[in-house]
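Fold and geometry: a report
Chain by chain, the residues:
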Amino acid sequence: MIAFLYKLVKKRDLVFAEGVGLRELFLFMLTRGALPFLRGLLAYPFLAKMQGSLFLGRGVVLLYKHKLTIGSGCYIGDYSYINCLAKGGVKLGNGVTLREWAWLQLSSGLNNVGEYIEIGDNTYIGPRSILGAGGPLKIGANCQIGAGVNFIAENHVYMGEGAIAEKGVTKHGIEVGEDCWIGNNVIIFDGVRIGRSCVIGAGSVVTKDVLDFQVAIGSPARVIKSRIDTE
């Protein structure tokens, strides 16, 4: 029954690792299933749209819920901060996971409202990740994004005389294609496009575009090879 319900919500089979018994299964279903599901039900009336179940961890802060669109089977981990104030709001596809302590924000105030954030189906984003700033941020489906990844979809104008704080910002946005693997503690700067099926090594700083199927590492990140045979 548990496996059936899991597949119904997450659209994939529940596989048990060796050493997982009834006690571990019960605790998992309580802390990652039943209680988050009830919290999601309480948030449901205030959302822009929810197509199925939403699982909310403990201490999650959801601001401007009326600008949040949720697919089926989404999970937002404990103590995450989700500020949905943006021109186009925030859209999470089916099966999206934001792990613990995620921070998502596009606007610094009512006088500086950002564009939008869109995350595709079945994309996983690890704990303590930051999805922020005012430009559009679009992440494709089926991506695996590690812990502490930082998306900076905005950049300060700093050239010339005068206070930097008064010069404003540029907002070109960030786009990540589907089926990408981005390692822990990667930083991705405004204006970058990462193609589909790319790999970005842990700790990399991405300042330039990465084409489809390429593997990039380093600070600043450089392409070291392609994932497919180009011959």
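So, a few notes on the structure that sits alongside this text. (Residues numbered from 1 in each chain as written. Predicted model: local features only at pLDDT ≥ 70, side-chain atom pairs only at ≥ 80, totals over all residues. Heavy atoms only, no water.)

**What to know about the pattern of salt bridges**
Pairing of side chains with opposite charge becomes possible as their charged atoms draw close. Quick reminder of the rule: The salt bridge definition used is simple: a Lys or Arg side-chain nitrogen within 4 Å of an Asp or Glu carboxyl oxygen. Only DSSP runs of H or I with at least four residues qualify as helices, and only runs of E with at least two residues qualify as strands; both kinds are numbered from the N terminus onward. Think of it in three bands: residues with accessible area under 20% of the maximum for their type are buried, residues over 50% are exposed, and the middle band is partly exposed, with areas taken using a 1.4 Å probe on protein chains only.
Enumeration over the complete set of coordinates arrives at four salt bridges. With its nearest N and O atoms 3.2 Å apart, the salt bridge here joins D78 to R58. Of this pair, D78 sits in the loop between β5 (74-76) and β6 (81-83) while R58 is found in the loop between β2 (54-56) and β3 (61-63), placing the two residues 20 residues apart along the sequence. You can call R58 partly exposed: its relative accessible area is 46%. Between E115 and K87 there is a salt bridge; the shortest N-O distance is 3.2 Å.

**A word on the sheet that holds strand β19 (residues 181-182)**
Sheet strands pair by backbone hydrogen bonding; their relative direction is either parallel or antiparallel. Stated precisely, the cut-off is as follows: For two strands to pair, DSSP has to find at least two bridges joining them.
Taking strand neighbours across the sheet as the criterion, the nine strands line up as β2-β5-β8-β11-β14-β19-β22-β24-β25 in an open arrangement whose pairing is mixed. Whereas interior strands pair on both sides, the edge strands pair on one side only; in this sheet they are β2 and β25 (222-226). Here β5 runs beside strand β8 (residues 97-98); their pairing, made up of two bridges, is parallel. Following the sheet pairing, I76 is matched in β8 by L98.

**A few points about the pairing of strand β24 (residues 214-217)**
Here two bridges tie strand β22 (residues 199-200) to β24, and the two strands are oriented parallel to one another. Across the sheet, residue V199 finds its bridge partner in β24, namely V215. Both β24 and β25 contribute to a ladder of four bridges, which runs antiparallel. Looking at β25, one finds that A216 is bridged to V223. The turn joining β24 and β25, which pair antiparallel and follow one another in sequence, is formed by four residues; a positive phi near 105 degrees is taken by G218.

So yeah, pure geometry; function would need other evidence.
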